[in-house]
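In case you want the letters, here they are:
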Amino acid sequence: MSDTEVNTELESLDFIYDVHQTMRNKELNLVYEGQITQEITKSVLAMAERNMDTSGEETSVKKKVFNVMVECLQNICKHSDEVNDEHSASAIFIIGREKGSYIISTGNPVLKGKITDIETKLSDINKMDVGDLKTLYKSTLKNNKLSEKGGAGLGFIDIARRTGNKFTYDFSEINDQYSFFTLQVKINKD
Amino acid sequence: MDKLNLEGTEDTPTIVLDSENNHFEISGRSLPEDSAEFYQPVLDWLNIYAANPNPQTHFTFKMDYFNTASSKLLLDVLSKLEDLNGDGHDVKVLWFYQEDDPDMEDAGEEYQDLIEVPFELKTFSV
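What follows deals with the confidence of the model for chain A. Across chain A, the average pLDDT comes to 89, with 89% of residues at or above 70. Averaged pLDDT values for the elements of chain A fall to 60 in helix α1 (residues 3-12) of chain A and rise to 97 in strand β4 (residues 168-173) of chain A.

Laid out in structure tokens, this is it:
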């Protein structure tokens, strides 16, 4: 093997250190990229639970993080739209820390036609206080039928109730048909 | 009638529906991939039971956690109990929550508001 070849190979591995540094600096405990299924959801949950146990996290915070993770992951399972090209069904799920709080970030492709609906839902929920959210939760629970994909239409409302925080969200264009929907929510330490 | 006995897993609850021993209980974690499919046998069982129920039906819920899709199905289960009670049978819901778990306490209170059936909230410690 010549020196040049060794160098090229070494250079090509720089990204590992870069990713490691970024994860350290941004305190990203867990980053998952790919398709999100129920099996993946269970594995990610188990990993996050173990991480929180190891760091001696309080039970109440652990429960909140678990709760928000389930709703976020199952939202992606149920609502991610399959893009039939290089982005096919790929989603991202990240748990990070910031000054002791947990930050959960997700991203998944959605059909552009759904953007208005998602935006309206999230901006409505962001305007609500605890009392409004409780009322909306109860009325949705009582009156909504389960969707074909098995969603109760309660995920976002539940996350907002548990965290007491507002959603940050955005849509980046993938192509004519699809956008990448990104969502972030913070879970405070009590 | 046949009992329904499902052992809990990391994403599904333990279910005991046993009319012979007068034991009715759902406990543990509930976040199945398809909650409607998972709870269908429970609803089917209750439909058959309702035709010829025991003199007393005390139904225990002892949940650690359930996701929003399951919350809809738990309401369906509670609605069956409400119907049974409405038909003049002795029905009571015993909703247990861990002492330090305000989420499961709130959930119990919310169901209590939505369902017309005798409802008792109780704490348990692990």
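Contact with chain A, which involves 28 residues of that partner, is made by 23 residues of chain B. Contact between chain A and chain B buries roughly 2300 Å² in total, counting both sides, with carbon and sulfur atoms accounting for 50%. Linking chain A to chain B there are eight salt bridges. Across the pair R161 of chain A and E110 of chain B runs a salt bridge, and its minimum N-O distance is 2.6 Å. Our count for the chain A to chain B interface comes out at 15 residue pairs in polar contact (both at pLDDT 80 or more). Elements with a contribution of two residues or more to the side of chain A that touches chain B: α3 (38-54), α4 (59-79), α6 (130-143) and α7 (155-163) of chain A. For the side of chain A that touches chain B, the residue count by class is eight nonpolar, eight polar and twelve charged.

Counting across every chain of the model gives 14 aromatic pairs over all chains. Through pairs of rings, three or more aromatic residues link up here, namely F24, W45, Y49, F59, F61, F66, W95, Y111 and F119 of chain B. The positively charged end of R97 of chain A is found above the aromatic ring belonging to Y102 of chain A, 4.1 Å away from the centroid. The lysine or arginine in question, K62 of chain B, covers the ring of F124 of chain B, its NZ or CZ lying 4.9 Å from the ring centre.

A word on the pattern of salt bridges. Residues and elements named next belong to chain A. Evaluated as defined, the whole model comprises 18 salt bridges over all chains. Here E39 and K42 are joined by a salt bridge, their closest N and O atoms 3.3 Å apart. Within this pair, E39 and its partner K42 are both found in helix α3, separated by three residues, close to a single helical turn. With relative accessibility at 14%, the residue K42 sits in the buried group. The salt bridge partner of K112 is E173, with a shortest N-O separation of 3.0 Å. Separated by 61 residues along the polypeptide, K112 in the loop between β3 (101-111) and α5 (115-126) and E173 in strand β4 bring together distant segments of the chain. The class of E173 is exposed, set by a relative accessible area of 58%.

To continue, consider the sheet that holds strand β6 (residues 119-124) of chain B. With respect to topology, six strands assemble into an open sheet ordered β1-β2-β3-β4-β5-β6 (chain B), the strand pairing being mixed. Two strands close off the open sheet at either side, each with one partner strand: β1 (4-6) and β6 of chain B. Ignoring strand direction, the axes of neighbouring strands in this sheet form an average angle of 15°. The sheet contact formed by strand β3 (residues 23-30) of chain B and strand β4 (residues 56-66) of chain B spans seven bridges and is parallel. Within β4 of chain B, the position partnered with F24 of chain B by the bridge is F59 of chain B. The strands touched by α4 of chain A are β3, β4 and β5 (90-98) of chain B; relative to β4 of chain B, the strand with the most contacts, the crossing angle is about 90°.

Residues and elements named next belong to chain B. Helix length check: helix α3 (residues 102-114) (13 residues) gives 18 Å between terminal C-alpha atoms against 18 Å at 1.5 Å per residue, within 8%. Every buried residue of α3 is listed here: M104, A107, G108, E110, Y111 and L114. The arc that holds every buried residue of α3, seen down its axis, measures 165°, which confines them to one face.

Glancing now at the packing of α4 of chain A against α7 of chain A. All names here are of chain A. Here α4 crosses α7 at 160°, and the two axes come no closer than 10 Å. Overall, the two elements α4 and α7 adopt an arrangement that is roughly antiparallel. The element α4 and its partner α7 pack so that their crossing is left-handed. Contacts from K64, N67, V68, E71, C72 and N75 of α4 reach α7 at G155, F156, D158, I159, R162 and T163. Partitioning the contact of α4 with α7 into residue classes produces four nonpolar, four polar and four charged.

The rules behind the values
- Residues numbered from 1 in each chain as written.
- Chains lettered and ligands numbered in written order.
- Predicted model: local features only at pLDDT ≥ 70, side-chain atom pairs only at ≥ 80, totals over all residues.
- Heavy atoms only, no water.
- pLDDT = per-residue confidence, 0-100.
- Helix = DSSP H or I, 4+ residues; strand = E, 2+ residues; numbered from the N terminus.
- Contact = heavy atoms within 4.5 Å.
- Buried area = accessible area lost by both parts, 1.4 Å probe.
- Salt bridge = Lys/Arg side-chain N within 4 Å of Asp/Glu carboxyl O.
- Polar contact = N/O pair within 3.5 Å; in protein donor to acceptor, adjacent residues only side chain to side chain.
- Nonpolar A, V, L, I, M, F, W, Y, C, P; charged D, E, K, R; others polar.
- Phe/Tyr/Trp six-rings, centres within 6.5 Å; stacked < 30°, edge-to-face > 60°.
- Lys NZ or Arg CZ within 6 Å of the ring centre and 35° of its normal.
- Buried < 20%, exposed > 50% of the residue type's maximum accessible area, 1.4 Å probe, protein only.
- Pairing = 2+ DSSP bridges.
- Axes fitted to C-alpha atoms, helices over the stretch in contact; angles between N-to-C directions.
- Expected span 1.5 Å × (residues − 1).
- Arc of directions from axis to C-beta.
- Parallel < 35°, antiparallel > 145°, perpendicular 65-115°, else oblique.
- Left-handed = near helix turned anticlockwise from the far one by under 90°.

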